[in-house]
Amino acid sequence: MTDSLEGTKPQYDVVVIGSGLGGLTAANMLAKDGYSVLLLEHHHKLGGLATWFKRKGGHIFDVSLHGFPYGMVKTCRKYWTREMADCITQIKGIRFDNPQFSLTTTYDTNDFKRTMQDYFKVPADTVDSFVTTIKNMNFYDEHTMTTREMFDKFFPGRDDVVRFLLEPIAYANGSTLDDEAITYGIVFSNFLSRGVYIFRGGTDKIIGMMEAELKKNGVDIRTGARVEKIVVEGGKVAGVVANGKTIKARAVISNANVKATVQRLVGEEHFSKEFAEETRKVRLNNSSCQVYIGIRKGETIDYVGDLLFTSVADKLDAQMLRSRNITSRTYSFYYPDIRPGSDRYAIVASTNANYEDWAYLPEDEYRASKQDLIESTLDALERYVPGIRNKADYVEAATPKTFERYTLHPNGTSFGTKFEGLRVSMGLNEQVPGLFHTGSVGIIMSGWLGAANYGVIVANNADKYLRP
Amino acid sequence: MTKEEIKTVILDIIAEIAPDEDLSDIKSDVPFRDQLELDSMDFLDIVMELRKRYGIEVPEDDYQQLATLDSSVAYLEPRMKDL
Ligand SMILES: Cc1cc2nc3c(=O)[nH]c(=O)nc-3n(C[C@H](O)[C@H](O)[C@H](O)COP(=O)(O)OP(=O)(O)OC[C@H]3O[C@@H](n4cnc5c(N)ncnc54)[C@H](O)[C@@H]3O)c2cc1C
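Residues numbered from 1 in each chain as written. Chains lettered and ligands numbered in written order. Predicted model: local features only at pLDDT ≥ 70, side-chain atom pairs only at ≥ 80, totals over all residues. Heavy atoms only, no water.

Q: What is the right way to look at the site of the ligand in this model?
A: Residue and element names in this part refer to chain A. By nearness alone, 38 residues border the ligand, and Glu41, Leu49, His409, Ser440 and Trp448 come closest of all. At a separation of 3.5 Å, an oxygen atom of the ligand approaches a polar backbone atom of tyrosine 406. Taking tryptophan 448, its main chain carries an N or O atom lying 2.8 Å from an oxygen atom of the ligand. When the ligand sits alone it has 1,000 Å² of accessible area, and the protein chains cover 96% of it. Looking at the shell around the ligand, the elements with two or more residues in it are helix H1 (21–32), strand E2 (37–41), strand E14 (287–295), helix H16 (400–407) and helix H18 (447–466). For the shell around the ligand, the residue count by class is 16 nonpolar, 20 polar and two charged. (Near = heavy atom within 4 Å. Polar contact = N/O pair within 3.5 Å; in protein donor to acceptor, adjacent residues only side chain to side chain. Areas by Shrake-Rupley, 256 points an atom, 1.4 Å probe, with all protein chains shown as cover. Helix = DSSP H or I, 4+ residues; strand = E, 2+ residues; numbered from the N terminus. Nonpolar A, V, L, I, M, F, W, Y, C, P; charged D, E, K, R; others polar.)

Q: What exactly am I supposed to notice about the packing of aromatic side chains here?
A: Ring pairs (aromatic) are described by centroid distance and by the angle formed between their planes. If you walk through the whole model with that rule in mind, you get 36 aromatic pairs over all chains. Seen from their ring centres, phenylalanine 436 of chain A and tyrosine 465 of chain A are 6.0 Å apart, and the 70° between their planes marks the pair as edge-to-face. Highlighted residues: phenylalanine 436 of chain A in strand E19 (residues 435–437) and tyrosine 465 of chain A in helix H18, separated in sequence by 29 residues. In this arrangement the basic side chain of lysine 45 of chain A is found over the ring face of tryptophan 52 of chain A, its NZ or CZ atom lying 4.4 Å from the centre. For the cation-ring pair, arginine 79 of chain B lies above tyrosine 75 of chain B, with the distance from its terminal atom to the ring centre recorded as 3.8 Å. (Phe/Tyr/Trp six-rings, centres within 6.5 Å; stacked < 30°, edge-to-face > 60°. Lys NZ or Arg CZ within 6 Å of the ring centre and 35° of its normal.)

Q: I keep staring at helix H4 (residues 109–119) of chain A and nothing clicks. Help me out?
A: Given 3.6 residues to a turn, an α-helix orients residues that are three or four positions apart in the same direction. All names here are of chain A. Taken together, the buried positions of H4 are Thr109, Asp111, Phe112, Thr115 and Met116. For H4, the elements touching its buried residues are strand E8 (102–105), helix H5 (124–135), helix H7 (159–173) and helix H8 (181–194). Count one or two residues on from H4 and you reach lysine 121, which has phi positive near 55°. (Buried < 20%, exposed > 50% of the residue type's maximum accessible area, 1.4 Å probe, protein only. Contact = heavy atoms within 4.5 Å.)

Q: What am I meant to see in the sheet that holds strand E6 (residues 88–91) of chain A here?
A: Across a sheet, strands are paired by hydrogen bonds formed along the backbone, either parallel or antiparallel in direction. Residue and element names in this part refer to chain A. The three strands are arranged E5-E9-E6 in an open sheet whose pairing can be described as antiparallel. Edge positions in the open sheet fall to strand E5 (68–69) and E6, since each of these has one partner strand only. Sheet topology note: the E5/strand E9 (residues 196–199) ladder contains two bridges and is antiparallel. Across the sheet, phenylalanine 68 pairs through a bridge with tyrosine 197, a residue of E9. (Pairing = 2+ DSSP bridges.)

Q: How do you make sense of the pattern of salt bridges when you look at a structure like this?
A: Side-chain pairing between opposite charges can occur once the charged atoms of the two side chains come close. According to the stated counting rule, one finds 38 salt bridges over all chains in the structure shown. Put simply, glutamate 268 of chain A and arginine 280 of chain A hold a salt bridge, and the shortest N to O gap is 3.0 Å. Highlighted residues: glutamate 268 of chain A in the loop between helix H10 (258–266) and helix H11 (273–281) and arginine 280 of chain A in helix H11, separated in sequence by twelve residues. Across the pair aspartate 379 of chain A and arginine 389 of chain A runs a salt bridge, and its minimum N-O distance is 2.9 Å. With aspartate 379 of chain A in helix H14 (residues 363–381) and arginine 389 of chain A in helix H15 (residues 388–391), this pair connects stretches of sequence that are ten residues apart. Through salt bridges with shared partners, one network takes in Lys74 and Lys78 of chain A together with Asp39, Asp42 and Asp45 of chain B. (Salt bridge = Lys/Arg side-chain N within 4 Å of Asp/Glu carboxyl O.)

Q: Which parts of the structure should I look at to understand the state of the cysteines?
A: Residue and element names in this part refer to chain A. Scanning all chains against the criterion turns up zero disulfides over all chains. The thiol of cysteine 87 is not disulfide-bonded; the next cysteine sulfur, from cysteine 76, is found 8.6 Å away. Here cysteine 87 falls in the buried class, since its relative accessible area comes to 11%. (Disulfide = S-S within 2.5 Å.)

Q: It is not clear to me how the pairing of strand E1 (residues 11–17) of chain A should be interpreted in this structure. Could you clarify?
A: Put simply, side chains in a regular strand alternate between the two faces of the sheet. All names here are of chain A. For E1, the buried fraction is high: six of the seven residues fall into the buried class. Here six bridges tie E1 to strand E13 (residues 245–254), and the two strands are oriented parallel to one another. Bridging from a neighbouring strand, isoleucine 17 pairs with serine 254 of E13. Pairing of E1 with E2, which is carried by four bridges, proceeds in the parallel orientation. Bridging from a neighbouring strand, valine 16 pairs with leucine 39 of E2. Following the chain from E1 across H1 to the adjacent parallel E2, one finds a crossover that is right-handed. (Right-handed = clockwise from strand over helix to strand, strands pointing away.)

Q: I tried to follow the sheet that holds strand E16 (residues 328–334) of chain A on my own but got confused; where do I start?
A: Residue and element names in this part refer to chain A. Read from one edge of the open sheet, seven strands run E8-E7-E15-E16-E17-E14-E18, paired in mixed fashion. The sheet terminates laterally at E8 and strand E18 (392–398), the two strands that pair on one side only. The sheet shows a mean angle of 15° between the axes of neighbouring strands, taken without regard to direction. Bridge count between E14 and strand E17 (residues 346–353): eight bridges; the pairing is antiparallel. Looking at E17, one finds that tyrosine 292 is bridged to valine 348. Across the sheet, H14 touches E14, E16, E17 and E18, and the angle it forms with E14 is around 60°. Where H16 meets the sheet, its contacts fall on E14, E17 and E18, and the angle it forms with E14 comes to roughly 95°. (Axes fitted to C-alpha atoms, helices over the stretch in contact; angles between N-to-C directions.)

Q: Before we go on, may I ask you to explain the interface of chain B and chain A in this structure?
A: Note: interface size is frequently given as the accessible area lost on complex formation between the parts. Taken together, the contact pairs 19 residues of chain B with 18 residues of chain A. Buried surface at the junction of chain B and chain A, summed over both partners, amounts to about 1,700 Å²; 44% is from carbon and sulfur atoms. When the area that chain B buries against chain A is broken down by residue, the three leading residues are Met41, Arg51 and Lys52 of chain B, summing to 32%. Applying the counting criterion to the chain B and chain A interface returns nine salt bridges. Here lysine 74 of chain A makes a salt bridge to aspartate 42 of chain B, at a shortest N to O gap of 2.5 Å. Put simply, chain B and chain A have twelve residue pairs in polar contact (both at pLDDT 80 or more) between them. Residue classes in the side of chain B that touches chain A are distributed as eight nonpolar, one polar and ten charged. (Buried area = accessible area lost by both parts, 1.4 Å probe.)

Right under this line is the structure:
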């Protein structure tokens, strides 16, 4: 085995731990500012949850490319390259099918308003004032209302409307009715501004472009490099230990989960008692299950929409969204045009999931549950893609355990932490000078857009600290 | 810097952040976000650029001071007069 840390310098200005979109973007910003940056990723690929995998038979699956807001165009252009921004295209068929309603929308402001008025019969001024409220939310605002309270205010007694509003966001960032309204509002209004977008060329293409850009900007990138420890000396960050090797750094930006950063990588003893306690109280967000369905070469599927939110549950219930007794599934349909030049189709079914439901099963039961997840998903999909079992020639499932293994995130969390995690993330540098965290945290800083933008914000804070 | 120069600085920053926007007839007393497609990240970019280019720190509590071109100039003038 080759030593993935061979030839690293003894010291860098900044070490970035983890290559999720937060870590990648922070590394790029700091390298562009002229700092020497070392990026360490334990997996053999860059991207973190923004990932893809190939399987025999020419299959390729995207894990988290279901849709992101238009803001990603600006983020790519401002912090990466114009070329990347130009690959982003809208997906227009966002479908809902559940016992309460069945409709298709583009999920942009105009279509949203139209759907709310014509389909759900909500008065125009109510819709307008809801949209205005949501659009004026900022992440630095005060936040006292829960999403439930906000919905009760605008749409009392309308659990169908609430379902239409919440279900996509619950999938996009794990937020529930009991979370702060801002965690819902910011992400929802990001989507609402212009609808839902994806990256043409697939996750492999964007991550490949990012890697090339990082190299061009001088970032030293090492995969297969697991950071075991962030070194603190004299109360300040002094470097990291990765694969047993000590590397010095003036600042460290961790893209590992924020709790793991404090508790596993730095150690609670380096923080005040109150801060350690506050960190312990941070709730992790939920994890996910996915079923990847590869369509046999030569087979096609008719266009049934791009993103399909389905449920057989009578009403929306956030607990139910994660239950192993799955009633709600989101399907992403990948037609050949996602990867120009390809003639292949794939379907990815996703559900939110609880780590506890999967983590402690005996091996045989775990396998059986995974198989059951696959079978029940194919059965449910039959309704939308008749003959799916004959069209598919490859199927595989991922559970919270899978996400934990590949990202090292505690409980395989898909979207970092609940809202309170953001305060901890932002407070690290005050506790241990030179220590920063970026990536999915606090719900609002999650998803491709949130994680990448948070990378920019944290790089800016690190620059503040590093500048003489 | 003079008021006029500060105005130019701000408009330059915005032009870079939002290259597709037409800034020629921007109304100086109307919030940027009511006339331009600026989201909260674009807005933060303004704050971050002010620090990078001129070393000016705008604390979170003061963000609303940057809502319009006029209020931005009024807020920044005492902070940028010696630059
Ligand atoms: C199933 C699923 C579907 C999703 N769908 C969407 C979607 O459609 N649209 C959207 O916008 N978002 C989606 N998301 C969310 C989005 O993918 C994430 O929020 C975002 O990619 C997270 O980026 P991040 O910066 O937090 O880092 P992560 O992607 O979480 O990456 C962290 C990286 O750090 C590395 N790491 C951790 N510890 C160490 C260590 N000690 N040493 C070295 N490396 C380490 C990990 O290996 C990993 O590569 C989805 C997520 C999931 C799970």
